[in-house]
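# Examining the three-dimensional arrangement
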Amino acid sequence: MLLIHCPYCEEERPELEFRGAGDAHILRPTNIADISDEEFEAFFFLRDNVKGLVYERWRHIHGCGRFFNAARDTVSDKFVTTYKAGLPRPDLSPAPKATETTVETYEATEGVAG
Amino acid sequence: MSGANRIAGAGRLTPARTARFTFDGKSYEALEGDTVASALLANGVHLVGRSFKYHRPRGILSAGAEEPNALIDVERDAARKQPNVRATVQEVFDGATISSQNRWPSLAFDVGGINNLLSPFFAAGFYYKTFMWPKAAWEKFYEPRIRAAAGLGVAPTQADTDHYTNRFAHCDVLVVGAGVAGLSAALAAAETGARVILCDEQPEVGGALHYDKSVKIDGQDGFAWAQATAARLAAMDNVTVLTRTTAFGYYAQNFVVLAERVTEHLARPDRKLPRERMWQVRAKRVVLATGAIERHMVFANNDRPGVMLASAARTYLNHFGVAVGKKVGVYTANDSAYEAAFDLHRAGVRIAAIVDNRAKPGEGVLAEARSLGIEVLTGHSVIDTKGHRRVNSMTIARNGGGGKRTIAIDALIMSAGWTPSVHLFSQSRGKVAYNAETGQFLPGTYAQDCLSVGACNGTNGLQATVEEALAAGELMARATGSKAGGKVEIRAENAFEWTGGMAGAAEGAGANDNVKAFIDFQNDVCAKDIRLAVREGMHSIEHIKRFTTNGMATDQGKLSNIHGLAIAAETLGRDIPKVGLTTFRAPYTPVTYGTIINHSRGELFDPTRKTPMHAWEEAHGAVFEDVGQWKRAWYYPRAGETMHEAVSRECKTVRDVAGVFDASTLGKIEVVGPDAAEFLNLMYTNAWDTLKPGRCRYGIMLREDGYVYDDGVVGRIAEDRFHVTTTTGGAPRVMNHMEDYLQTEFPHLKVWLTSTTEQWAVIAVQGPKAREIIAPLVEGIDISNEAFPHMSVREGKICGVPTRLFRMSFTGETGFEVNVPADYGQAVWEAIWARAEPMGACAYGTETMHVLRAEKGYIIVGQDTDGTVTPFDAGVGWAVSKKKTDFVGIRGLKRPDLVAEGRKQLVGLKTKDPTVVLEEGAHIVADPNQPIPMKMLGHVTSSYWSSNCGHSIALALVAGGQARMGQTLYVPMPDRTIAVEVTDMVFIDKEGARLNG
Ligand SMILES: [Zn+2]
């Protein structure tokens, strides 16, 4: 169970109190009624399935109830940071590479086998 | 003496304290503290099970959690019966009923053993290859037979009567494993004042000290020191010591889950105690002191009963006082087996020979063996064994040929070296690194705040282990800010440092494909199977694992993984680290379902929500249905009535007289603030700024993609206050949906949302006499049709209680929905009922509610819509504002597919035979005679018998439905085809006269 830092409560709380809410920083067009099919497709349907750093929304649903944003590494499952809704995407330089020679598991290189 | 093989003066159990148990119906005597394995061995029982695939006789291989063979069934009574327990872990208790598994008809004579003779057909990949063709034969022939022949144990047929519990715990330092390393680390951490949890899977702390009698710590016997240290730790306020507790899962951010076996060892446990307790521990730092597991030697017929790990034989002798044989052979590639031989020799057991695969054993152990007069054959291998139910000889040969000789034995102990237990480290997402010098995978890169110490870290030498553990314990504790105490020092010494070890097949395993040299005992995987897998093209260790099933049994390859990997690497001609290690997963050892679900069973599995009127409904004979977590009154049968009769009566009564219905489960959200109307304009397709206070409107909520998400009636209480209702099931997600938009898309709006679902009890009074029923109870509201028309809301009092009274209807009749504070719900209901009943009205349930609304063509979101239905498809397009420039879903509604011709639209259906009631979900076609698969036009979404109409009614989603009015379509069923006519959705009172009465 992950610990997630709620930027409103300013506390790390167990994952059970939270609910994921999809990609962050996707702005609903203010002129949404007038956008083209292509623009609507990009806004509503198209998402990246990133291996690495993702920016996503979470809600502290069983706590303060606030939606906020998080940067999370999909490989390590680590939350790099969380921040309040409406704040810009933080600039996060890539994590330093491990220098020690280690044995890569099959999953790390090829994904989960059946 | 309990058991002929118990040696007087050996071991730590008390001879006077005996316990009796049965194994396969035969009674045996054990000592308190025995495991089932040690007690069976004391009684000379080596044959305890059959292997999974070949049904080969199997004995006890280990003395610990890694045991692959000796799986037993432990029974207290029919409900408390656990299969697949490792005999090496289960403690004997007086009266225990133990059975062997995977044998038929008996352990000694097993019909499935024929598989052993047929084994050429059971090669690796057998399951994949043999059962590919013909496909039908798999279901009809192979699978039932394999399931009958195989199977690990038998599940109990009765519900478990034990209870289980859960505890959340937080600590500064969690130490996993209470051997020398774990105890030292815990002590160093505890002395700083840090909060420490120390856990160990065994009944007593000590780890390797159970067998290694040569250890002296601070001048004391090692095992005695361990007990004294644990007692000292347990007496400290900041320390929790948990024995019989397995850390089985290591998750993100130092979240480690433990399973504590509380009563598993007790003869007559207090039923108030939980059988097992799950600990969910969040540790600031973790010290892993999980030790190492001895590997077996891989050679022909290395699986006979009586063949076991050297450390296991030493444990049975030094801890349990049991000799595993009278004439014991030793086969090793590692020094540790020598010490087992020395201890057995000193206890009077004859050592037939020490066969060492290496040319150069450690000098110390070699010299000691010579001085004890034990024959040592270096550079030799055991190439075969004999003995059906127990090993009776070993055949040895010089490596490279010659010197072949057969030696009579009654037990064979072996060691191929030690595999560090990096399971939890690996589960923590740490990456292991291969140490070519020792041939061990060791903790490499850490992913979490933990440290490994001792044998699991590849640390050799007792004093080095102690010092590493003390340093790690203190370091981890200091890192959490613990400042007390000074340095802890411990002096430890033992007889010999161990050298050696090998992985993979020893000389005797042979290249011959007929030789059964087992690497995975539980899944019957031999060295030859790994070679075959490589020949068949499996190059990844994960593929080899799945093709051969190596390491996939309940022991998860604790003994076999390294051997399998080494053989694969050799066959592939690659270095071991290039082939890679398979991933370790939780749980480390099997965990019962009871422990994992603990309290979440029965009534506590999921909350049950009851309305304020539930008790009245129960008392009046309601039959309830589950709607999500809610219990809702379904119908109220009178004596002798079937459901159909009750619902027909209720339906007629509501339209002829009136009915009272509990609508409290409706979701309710209070939307308040100066921008409330503007916010609702964005959330619903309708316009809300034009709604006057005191009036209501039916609203449709879409998702951004244009599909119907929820619906409900919204009343405007004041300029800045709306009473929103949602569907029963939709309440939480609608609330979340609104919050999401309010917080993240429209944060400029001054609106506050409050869920009020459980604050209001809702009593619907519907029917021609509805007004007459409530009129004398209502104060301060003119409820005449003129002053209070359909779709109005007023605040006032009923029965002296504040109410929000709605004039609305989900039945098509004159209707009121009385909202009162939940605490008054039942009292107001009873007052209404006291007036309604004498007039001939009825209480009605959800089934009648469904029928009545369907007679009027009112949709239920989630039943008549399925997430791909627009308001226009559902026939409620009138609720979509054409003037608004924005609302959620406005753009989605314009998508090409959503405005295309021929979309499925909701229509009514009448069966040509009025008595036939369609099945909900049934498919609809234009031509029932077309070939299968037929072109489906849609499906039935709602279908009922309507006593008011005198015929069945149905709603259906039909392609281009609104253009098909009057057409005949067909519903093909398995036994017949039903002809239907497409109609509009309103079956009763099309002009709405009853509604406005
Ligand atoms: Zn919060």
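Residues numbered from 1 in each chain as written. Chains lettered and ligands numbered in written order. Predicted model: local features only at pLDDT ≥ 70, side-chain atom pairs only at ≥ 80, totals over all residues. Heavy atoms only, no water.

### Describing the coordination of the zinc ion
Residues and elements named next belong to chain A. The protein atoms donating to the zinc ion are Cys 6 (SG), Cys 9 (SG), His 60 (ND1) and Cys 64 (SG), with metal-donor distances spanning 2.0 to 2.3 Å. With 4 donor atoms in place around the zinc ion and angles of 107 to 114 degrees between them, the coordination shape is tetrahedral. When the donor residues of the zinc ion are listed from N- to C-terminus, their spacing reads C-x2-C-x50-H-x3-C. The exposure class assigned to His 60 is buried, which follows from its relative accessible area of 2%. According to the relative accessible area criterion, Cys 64 is partly exposed, its value standing at 33%. (Donors = N, O, S within 2.8 Å, 3.2 Å for Na, K, Ca; no water. Tetrahedral: all angles 85-135°; square planar, octahedral: opposite > 155°, others 65-115°. Buried < 20%, exposed > 50% of the residue type's maximum accessible area, 1.4 Å probe, protein only.)

### Focus: the environment of Ser648(B)
Residues and elements named next belong to chain B. As for its position among the elements, Ser 648 is in helix H18 (residues 643-656). In the structure, Ser 648 is positioned 353 residues away from Arg 295 in sequence and 73 Å away in space, judged by C-alpha atoms. Contacts of Ser 648, omitting those with residues within four sequence positions, involve Trp 945 and Ser 947. (Helix = DSSP H or I, 4+ residues; strand = E, 2+ residues; numbered from the N terminus. Contact = heavy atoms within 4.5 Å.)

### Structural notes on the state of the cysteines
Taken as a whole and assessed by the stated rule, the structure comprises 0 disulfides over all chains. Considering cysteine sulfurs only, Cys842(B) is the nearest to Cys799(B), which forms no disulfide, with 19 Å between them. (Disulfide = S-S within 2.5 Å.)

### A look at the domain arrangement of chain B
According to the domain assignment, chain B contains domain 1 (18-133), domain 2 (165-292 + 420-493), domain 3 (296-416), domain 4 (510-580), domain 5 (644-853) and domain 6 (901-997). On a C-alpha basis, the centres of domain 1 of chain B and domain 5 of chain B stand 64 Å from each other. (Domains from an automatic or database assignment.)

### Topic: the UniProt feature "domain: SoxA A3" (unreviewed entry) in chain B
Following the UniProt record, one finds the feature "domain: SoxA A3" (unreviewed entry) at residues 516-596 of chain B. When the span residues 516-596 of chain B is considered, its composition is 46% helix and 6% strand, and the gap between its end C-alpha atoms is 38 Å. (UniProt positions renumbered as here; feature names shortened; annotations may be inferred.)

### Structural notes on the interface of chain A and chain B
Every contact between the two is made by 39 residues of chain A and, on the other side, 45 residues of chain B. Of the roughly 3300 Å² buried where chain A meets chain B, counting both sides, 50% is carbon and sulfur surface. At the boundary of chain A and chain B, one finds 4 salt bridges. A salt bridge links Glu704(B) to Arg28(A), with the nearest nitrogen and oxygen atoms 2.7 Å apart. (Buried area = accessible area lost by both parts, 1.4 Å probe. Salt bridge = Lys/Arg side-chain N within 4 Å of Asp/Glu carboxyl O.)

### Side note on the UniProt feature "domain: Aminomethyltransferase C-terminal" (unreviewed entry) in chain B
In this numbering, the UniProt entry assigns the feature "domain: Aminomethyltransferase C-terminal" (unreviewed entry) to residues 904-989 of chain B. Its end C-alpha atoms 26 Å apart, residues 904-989 of chain B is made of 0% helix and 47% strand.

### Notes on the sheet that holds strand E43 (residues 801-807) of chain B
Residues and elements named next belong to chain B. Pairing is mixed across the open sheet formed by 7 strands, whose spatial order is E41-E42-E43-E44-E40-E34-E45. Every other strand in the sheet has two partners, leaving strand E41 (778-779) and strand E45 (842-843) as the edge strands with one partner each. Note that strand E42 (residues 792-798) and E43 share 7 bridges and pair antiparallel. The partner of Ile 798 across the bridge, within E43, is Val 801. (Pairing = 2+ DSSP bridges.)

### Quick notes on the sheet that holds strand E37 (residues 708-718) of chain B
Residues and elements named next belong to chain B. Spatial strand order, E36-E37-E38-E35-E39: 5 strands in an open sheet with antiparallel pairing. The open sheet terminates on both sides in strands that have one partner only, identified here as strand E36 (696-702) and strand E39 (752-755). Pairwise comparison of adjacent strand axes, ignoring direction, gives a mean angle of 25 degrees for this sheet. Of the strand pairs in this sheet, E37 and strand E38 (residues 721-726) are connected by 4 bridges, and their pairing is antiparallel. (Axes fitted to C-alpha atoms, helices over the stretch in contact; angles between N-to-C directions.)

### Let's talk about the pattern of salt bridges
Residue and element names in this part refer to chain B. Tallying each qualifying case throughout the model produces 54 salt bridges over all chains. Here Arg 271 and Asp 162 are joined by a salt bridge, their closest N and O atoms 3.8 Å apart. Placement of Arg 271 in the loop between strand E14 (255-261) and strand E15 (276-288) and of Asp 162 in the loop between helix H4 (135-149) and strand E8 (164-176) is noted, with a sequence separation of 109 residues between them. Judged by relative accessible area, Arg 271 falls into the partly exposed class, the value being 41%. With a relative accessible area of 11%, Asp 162 lands in the buried category. With its nearest N and O atoms 2.8 Å apart, the salt bridge here joins Glu 855 to Arg 655. Pair noted here: Glu 855 is in helix H23 (residues 846-855) and Arg 655 is in helix H18, with a separation of 200 residues, a long-range link. For the pair shown, Glu 855 and Arg 655 are each scored as buried.

### Section: the pairing of strand E33 (residues 630-635) of chain B
All names here are of chain B. Of the strand pairs in this sheet, strand E32 (residues 623-627) and E33 are connected by 5 bridges, and their pairing is antiparallel. Bridge pairing in E33 links Val 623 to Tyr 635. The turn linking E32 back onto E33 is made up of 2 residues, and Gly 628 within it adopts a positive phi angle of 60 degrees.

### Section: the side chain of Thr419(B)
Topologically, Thr419(B) is positioned in strand E25 (residues 418-420). Not counting the four nearest positions on each side in its chain, Thr419(B) is found in contact with Ala292(B), Ile293(B), Arg295(B) and Ile562(B).

### Focus: the packing of aromatic side chains
Evaluated as defined, the whole model comprises 29 aromatic pairs over all chains. Considering the side-chain rings of Phe43(A) and Phe44(A), the 6.5 Å spacing of their centres and the 50 degrees angle between planes classify their relative orientation as tilted. Residue classification places Phe44(A) among the partly exposed residues on the basis of a relative accessible area of 25%. When the ring of Phe518(B) is compared with that of Phe521(B), the centres are 6.3 Å apart and the planes differ by 25 degrees; the resulting orientation is stacked. Aromatic rings pair up to connect Phe40(A), Phe43(A), Phe44(A) and Phe45(A) into one cluster. (Phe/Tyr/Trp six-rings, centres within 6.5 Å; stacked < 30°, edge-to-face > 60°.)

### Some points on the pairing of strand E4 (residues 53-59) of chain A
Residues and elements named next belong to chain A. Counting buried positions over the 7 residues of E4 gives 6, a clear majority of the element. Judged from the 3 bridges that link them, strand E3 (residues 19-23) and E4 form a sheet pairing that is antiparallel. Looking across to E4, one finds that Gly 20 is bridged to Trp 58. Both E4 and strand E5 (residues 67-73) contribute to a ladder of 7 bridges, which runs antiparallel. Residue pairing in the sheet places Glu 56 in a bridge with Ala 70 of E5.

### Considerations on the confidence of the model for chain B
Per-residue confidence for chain B gives a mean pLDDT of 94; residues scoring 70 or more make up 95%. We note a pTM of 0.88 for the whole complex and an ipTM of 0.87 for its interfaces. (pLDDT = per-residue confidence, 0-100.)

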